Amino acid sequence: MARSEFDVSQEVEFIRRVQKGDGEAFGLLVEKYQQRVFSIVFHLVRRRDEVEDLAQEVFFKAFRAIRSYNFQSSFATWLSRIAVNHCYDHLRKVRASHLSYYSEMTEESAHELERKAESPPPQGLDHGERLALRDFVGRLLERAPEDDRLILTLKELEDHSVEEIADLLKLKTSTVKVRLHRARKRMLADLERWRQEGK
Amino acid sequence: MDCKEIRDLVGERWGEELPVEAREHMSKCAGCEVYWRNARFLQAGFRALAEEAPPDASFGFASRLVRRLQEWEATGARSEFFETVGRRFVYATLALTLALLLSLALPTSGPVRGVAGADFLGLQSHNQASQPDVVGGEIGDTHELNLGGPTK
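On a predicted model such as this, the values are computed, not experimentally measured, just so you know.

Visitor: Help me out: how do you make sense of the overall build of chain B in this one?
Guide: What chain B contains, in helices and strands, is six helices and zero strands. Written out in order from the N terminus, the α and β elements of chain B read α-α-α-α-α-α. Looking at chain B residue by residue over its 152 residues, the buried ones come to 16%. Put simply, of all contacts in chain B between residues at least 6 apart along the chain, 29% involve residues at least 24 apart.

Visitor: How do you make sense of the nonpolar core when you look at a structure like this?
Guide: Side chains of nonpolar character tend, in soluble globular proteins, to be buried together. Val37(A), Val41(A), Val58(A), Ala83(A) and Val137(A) are the most contacted members of the largest nonpolar core, which totals 64 residues. The element best represented in this core is helix H2 (residues 23–45) of chain A, accounting for eleven residues. Two domains each provide a minimum of three residues to this core, namely domain 1 (3–51) and domain 2 (61–105) of chain B. Here Val41(A) is in contact with Val51(A), Leu54(A), Ala55(A), Val58(A), Ala83(A) and Cys87(A), once residues within four sequence places are set aside.

Visitor: What am I meant to see in the interface of chain A and chain B here?
Guide: A common measure of how large an interface is: the accessible area buried when the components associate. In this assembly, 38 residues from chain A lie in contact with 28 residues from chain B. Among the secondary structure elements, those contributing two or more residues to the side of chain A that touches chain B are H2, helix H3 (48–65), helix H5 (107–118), helix H6 (127–143), helix H7 (146–157) and helix H9 (173–196) of chain A. For the side of chain A that touches chain B, the element with the most residues is H2(A), which contributes ten residues. Taken together, the residues of the side of chain A that touches chain B break down into 18 nonpolar, seven polar and 13 charged.

Visitor: Please clarify how the environment of Val58(A) should be interpreted in this entry.
Guide: All names here are of chain A. Mapped onto the elements of the fold, Val-58 is located in helix H3. Considering only alpha carbons, one finds Val-58 and Val-37, 21 residues apart in sequence, at a separation of 8.0 Å. When neighbours within four sequence positions are excluded, Val-58 is seen to be in contact with Val-37, Val-41, Ile-82, Ala-83 and His-86.

Scoring rules and cut-offs
- Residues numbered from 1 in each chain as written.
- Chains lettered and ligands numbered in written order.
- Predicted model: local features only at pLDDT ≥ 70, side-chain atom pairs only at ≥ 80, totals over all residues.
- Helix = DSSP H or I, 4+ residues; strand = E, 2+ residues; numbered from the N terminus.
- Buried ≥ 20, exposed ≤ 12 C-beta atoms within 10 Å, placed from the backbone.
- Contact = placed C-beta atoms within 7 Å.
- Core = buried A, V, L, I, M, F, W, Y, C linked by C-beta atoms within 7 Å.
- Domains from an automatic or database assignment.
- Nonpolar A, V, L, I, M, F, W, Y, C, P; charged D, E, K, R; others polar.

Honestly, it's all geometry; don't read function into it.
See the structure below:
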């Protein structure tokens, strides 16, 4: 059995040990959840070079706060909440943009990409086109307000259900649905604006 | 169905097929058709983004982190404690110094109080109003603030 594979009762035991100050037990929890935290951080921040540092800060915060963890939600949810909040704060501090493959494309190839992407499913895209599409929508997401970015990332990229997002963000499911709907509308409006401005 | 209903439906049925009447509307309405195509474009983009694998943690990430946490517990936590206590001490000292300076600058009685304290703010009390003005005025002279009201 790998060090990071353990059941719920063992996990509870490890958490209790960490609450008493056992750093080694925390290491086991880190190994189990590092992939999840890396995924959240990467999808929210979208900077490969920053992921590890941010993930480290997330675990650091979790370690300092673990005495307040009262087992009401799952440890995964509690930790994900810390990761989401940490990234949210980070995004509010840093709003930078980066060079885009899409912006380097000619207008003709950008239109071609849009036409192909709109016809479902997008298997017709080659690797470069998928990269460009990813990059373009990634840029749109970066332009979005932090709240929209957060909720869209959790739904579309992290594939959480509305109920899970509500649990994670401590919101009502109806609120999550409304926010999600508005975020999509705003992003569509931004896409339209972007096209009208000629990128 | 009108355009607003179509656009709401596109948002609600994100990634799903639209009903026949919505598709009929879009075949006649260029604006809604573009809106729907944009939605498909975004959905494809999100799928492409979701497929992008996050980077793996570097080798020994967890053990390095635990070592750092232990170091922090040994030194950082203690220094953080002293930093917090020290900061509070500095704030308390500053507040006390300020209070002391104010109490020296504003004595409870004497002619200075009239100028430097309440009189300056236009808040002269009745007691002081009956004392001679520091500049040498008559008893009952006060320095009132003119707040734009009618003058006597």
